[in-house]
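A closer look at the structure
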Protein chains: 2
Amino acid sequence: MTVNRRFLLVRRPAGEPVEEDFALVEAPVPSPSAGGIVVRNHFASLDPAQRGWMDDAPSYMPPIRLGDPVRATTVGVVHASDNPDFHEGQWVMGLNALEDYSVAAPGGFTMPIDVAAVASPSNYLSALGAVGLTAYFGLLEVARPQPGETLLVSGAAGAVGSAVGQLGKIAGCRVVGIAGGAEKCRRLIENYGFDAAVDYKGKDHAALVAAIAEAAPDGANVVFENVGGPVLEAEVFNLALHARVVLCGLISEYNAPEKLGLRNLWQVLTRRATVHGFLIADYAHRFAEGGAQMAQWLGEGRLRADEDVQEGLENAYAAFMRLFSGANTGKLVLKIA
Amino acid sequence: MTVNRRFLLVRRPAGEPVEEDFALVEAPVPSPSAGGIVVRNHFASLDPAQRGWMDDAPSYMPPIRLGDPVRATTVGVVHASDNPDFHEGQWVMGLNALEDYSVAAPGGFTMPIDVAAVASPSNYLSALGAVGLTAYFGLLEVARPQPGETLLVSGAAGAVGSAVGQLGKIAGCRVVGIAGGAEKCRRLIENYGFDAAVDYKGKDHAALVAAIAEAAPDGANVVFENVGGPVLEAEVFNLALHARVVLCGLISEYNAPEKLGLRNLWQVLTRRATVHGFLIADYAHRFAEGGAQMAQWLGEGRLRADEDVQEGLENAYAAFMRLFSGANTGKLVLKIA
């Protein structure tokens, strides 16, 4: 290849992204900056967090600049190197972008990966990547579930949610998942070993509160929150005393012009619950430890990590939108090469 | 006296309580139940929590029943006793009601108090009561402020808020208070030793965010929340990384038919803050320890505890509403006898 296809953000989405917010353009294949490398991207991670980066709002990372390619974690092969620690042909992962070739500056997040140890290099974007580590540290370190406790997971059929539920079973919890639709609920039980599943679709607030109460009659000791909005508002009426809520994601709010947030904050107070804002970046110094444990559980068959691999940079928009339609089954990944 | 005046809840308030929600009636002076006592109430605590007890909604205590007197913590004198642990004329405090005489059942919260040790028996409803203990355990045990950290207190001129701010100074924090009006802000600095005060009145969201940022340029490491609503929503844009938010009260919401809650939950997530629902009842086993420490600081002049004493059961409604108009200066207490 002699061109670098790049999937650019050209306009900040108002609510749900539309195709015109992006443009696929061609540019020359770049050369490494001094001390840096160029990575030929093979797989890119598609995550709800990317929607947040498209807004011009205070967050934990600067917004994607208009005209820049959409920031993404990728795995790929070193195409050219000006750095003695990296050689051409070596597999790496890093925070790059939705494009064929990315310039990775020295001192960034780029790190080597061992593709011989896994079924597919894309595993480093799912169970052994941010998704798996988010589940691992968010559940086991922040919430510290105890055997016999009830764990309630929203977005349970998603990449993070399905890993959290399985880790909850390993921790000895009764695990209840909330997902949209009968098919996803079936997968929670049959594929991921959840004890119960609640379908939020077609339920108003009272019905959702009641359905969660039926599945978690003693209340939830731990809530792992990926969704927010009406789902979170129903969950807080099912908190056990002194519950811990891990606030990991709020996917229902990312495209919403008006944020619902948490109107029933009073329930958090009266149940003396604790709500923990959580970002995996705070555990970067322990990624090796978490990755090794996840790899062991994967190898032992105690964890199942499904991937939803979509093909082609030219399909980046349609693939990304699967996150918000709920179409993805497992970790959403874009195969670039 | 041969009659017992009782301030009854006769209708559940819709939003802000109106006088017709209550009725002052006369009843015979009661006799003790078996093993119980009758208390002649002298002072009653008027607290935002009472507004919550008037709603028929899930909470940490059963709602006040219609036709019952409004539940309140009182201090008073044993009028009649069928219990060998209590004798007539003895000062006690307990969870009773807004009435001249309360029947206290055995096994309740009634406990003796030493009125010789304090300036007024009402001190057991302020610095040495739930207010002081709420500040003590909520700040020092839940948030655990460290020297040099910034503490942000809402409702700062109120009974709990002014105690929290002073305890924050004892803990070595920079203390910023939020209150309504120039006069209250002046009192924060001059009477309670706060480092800075922010007047929320007349400010929209952006102006309030900016005013807090000016008073707390490094962000708030600890937020002690008594107010909720727009004040809380401005605070969360001023959280330092890993801030701890103690959710102690939400007075701005208690009369609101539509709860605002916390729309900007995303700020809690990105700043990896922790929100702790807090009720003083969880620390009941340590009240003696907290009370002794508060009494020592009071005696040493390191704490100032103001009381706003209103007179007469016949004024109970007007006195109670001072909480919501922001008129009270210090702990609001109703003198009954």
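What counts and how
Residues numbered from 1 in each chain as written. Chains lettered and ligands numbered in written order. Predicted model: local features only at pLDDT ≥ 70, side-chain atom pairs only at ≥ 80, totals over all residues. Heavy atoms only, no water. Pairing = 2+ DSSP bridges. Helix = DSSP H or I, 4+ residues; strand = E, 2+ residues; numbered from the N terminus. Axes fitted to C-alpha atoms, helices over the stretch in contact; angles between N-to-C directions. Contact = heavy atoms within 4.5 Å. Domains from an automatic or database assignment. Salt bridge = Lys/Arg side-chain N within 4 Å of Asp/Glu carboxyl O. Polar contact = N/O pair within 3.5 Å; in protein donor to acceptor, adjacent residues only side chain to side chain. Nonpolar A, V, L, I, M, F, W, Y, C, P; charged D, E, K, R; others polar. Buried area = accessible area lost by both parts, 1.4 Å probe. Phe/Tyr/Trp six-rings, centres within 6.5 Å; stacked < 30°, edge-to-face > 60°. Buried < 20%, exposed > 50% of the residue type's maximum accessible area, 1.4 Å probe, protein only. Least-squares fit on C-alpha atoms with pLDDT ≥ 70 in both. Parallel < 35°, antiparallel > 145°, perpendicular 65-115°, else oblique. Left-handed = near helix turned anticlockwise from the far one by under 90°.

**Concerning the sheet that holds strand 12 (residues 239-247) of chain B**
With respect to topology, 12 strands assemble into an open sheet ordered 10(A)-9(A)-8(A)-11(A)-12(A)-13(A)-13(B)-12(B)-11(B)-8(B)-9(B)-10(B), the strand pairing being mixed. The sheet is open, and its two edges are formed by strand 10 (196-199) of chain A together with strand 10 (196-199) of chain B, each paired on a single side. Pairs of neighbouring strands in the sheet enclose a mean axial angle of 15 degrees, with direction left out of account. Pairing of strand 8 (residues 150-154) of chain B with strand 11 (residues 220-225) of chain B involves three bridges; the strand directions are parallel. Opposite leucine 152 of chain B, over in strand 11 of chain B, you have valine 223 of chain B as the bridge partner. Lying on the sheet, helix 5 (residues 205-215) of chain A is in contact with strand 8 (150-154), strand 9 (174-179) and strand 10 of chain A; it crosses strand 10 of chain A at an angle near 175 degrees.

**A few points about the domain arrangement of chain A**
All names here are of chain A. Looking at chain A, the domain boundaries give domain 1 (3-124 + 305-335) and domain 2 (130-281). The centre of domain 1, based on its C-alpha atoms, is set 28 Å off from the matching centre of domain 2. Each partner contributes to the interface: domain 1 provides 16 residues, whereas domain 2 provides 11 residues. Applying the counting criterion to the domain 1 and domain 2 interface returns zero salt bridges. Where domain 1 packs against domain 2, one counts one residue pair in polar contact (both at pLDDT 80 or more). If you list the elements that add at least two residues to the side of domain 1 that touches domain 2, you get helix 1 (48-53) and helix 10 (316-325). Of the residues in the side of domain 1 that touches domain 2, the class split is five nonpolar, five polar and six charged.

**Things to note about the interface of chain B and chain A**
The interface is formed by 33 residues belonging to chain B together with 33 residues belonging to chain A. Interface area lost by chain B to chain A is led by Leu265, Trp266 and Leu269 of chain B, which between them contribute 22%. The tally of links from chain B across to chain A stands at two salt bridges. Its salt-bridge partner being arginine 272 of chain A, residue aspartate 282 of chain B comes within 2.7 Å of it at the nearest N-O pair.

**Quick word on the packing of aromatic side chains**
Counted according to the given criterion, the structure contains 15 aromatic pairs over all chains. Their ring planes at 15 degrees and their centres at 5.0 Å tell us that phenylalanine 7 of chain A and phenylalanine 22 of chain A sit as a pair that is stacked. Residue phenylalanine 7 of chain A is found in strand 1 (residues 3-9), and its partner phenylalanine 22 of chain A is found in strand 2 (residues 22-28); the two are separated by 15 residues along the sequence. Classification of phenylalanine 7 of chain A as buried rests on a relative accessible area of 8%. Measuring from centroid to centroid gives 6.3 Å for tyrosine 136 of chain B and tryptophan 297 of chain B, while their planes differ by 45 degrees, and the two rings are tilted.

**Structural notes on the environment of histidine 276 of chain B**
In this structure, histidine 276 of chain B sits in strand 13 (residues 274-277). Classification of histidine 276 of chain B as buried rests on a relative accessible area of 16%. In the structure, histidine 276 of chain B is positioned 250 residues away from glutamate 26 of chain B in sequence and 43 Å away in space, judged by C-alpha atoms. The contact partners of histidine 276 of chain B, leaving out residues within four places of it in the chain, are Ala273 and Thr274 of chain A together with Val142, Arg244, Val245, Val246 and Leu247 of chain B.

**Looking at the relation of the copies chain B and chain A**
One chain copy maps onto the other through a rotation about an axis and a shift parallel to that axis. With an RMSD of 0.1 Å, the operation that places chain B on chain A is a rotation of 180 degrees combined with a shift of 0.0 Å along the axis. Here the two chains are linked by the operation of a two-fold rotation axis. A shared interface surface links the copies, since 100% of the contact residues of chain B are contact residues in chain A too.

**Quick look at the pattern of salt bridges**
Think of it this way: side chains of opposite charge can pair up when their charged atoms draw near. Across all of its chains, the model carries 38 salt bridges over all chains by this definition. A salt bridge links glutamate 141 of chain A to arginine 286 of chain A; the nearest nitrogen and oxygen atoms lie 3.2 Å apart. Separated by 145 residues along the polypeptide, glutamate 141 of chain A in helix 2 (residues 130-143) and arginine 286 of chain A in the loop between strand 13 (274-277) and helix 9 (287-299) bring together distant segments of the chain. Look at glutamate 141 of chain A and you get partly exposed, because its relative accessible area is 21%. Notably, a salt bridge pairs arginine 5 of chain B with glutamate 314 of chain B, separated by 3.2 Å at the nearest N-O pair. Of the two residues, arginine 5 of chain B is situated in strand 1 (residues 3-9) and glutamate 314 of chain B in the loop between strand 14 (307-311) and helix 10 (316-325); the sequence distance between them amounts to 309 residues.

**With respect to the packing of helix 2 of chain A against helix 3 (residues 159-170) of chain A**
A pair of packed helices can be characterised by two numbers: the angle between their axes and the separation between those axes. All names here are of chain A. Look at helix 2 against helix 3: their axes get within 8 Å of each other, and the N-to-C directions meet at 45 degrees. Considered as vectors, helix 2 and helix 3 are oriented oblique to each other. At the point where helix 2 passes helix 3, the crossing takes the right-handed sense. Contacts between helix 2 and helix 3 pair Val131, Thr134, Ala135, Tyr136 and Leu139 from the former with Ala159, Val160, Ala163, Val164, Leu167 and Gly168 from the latter.

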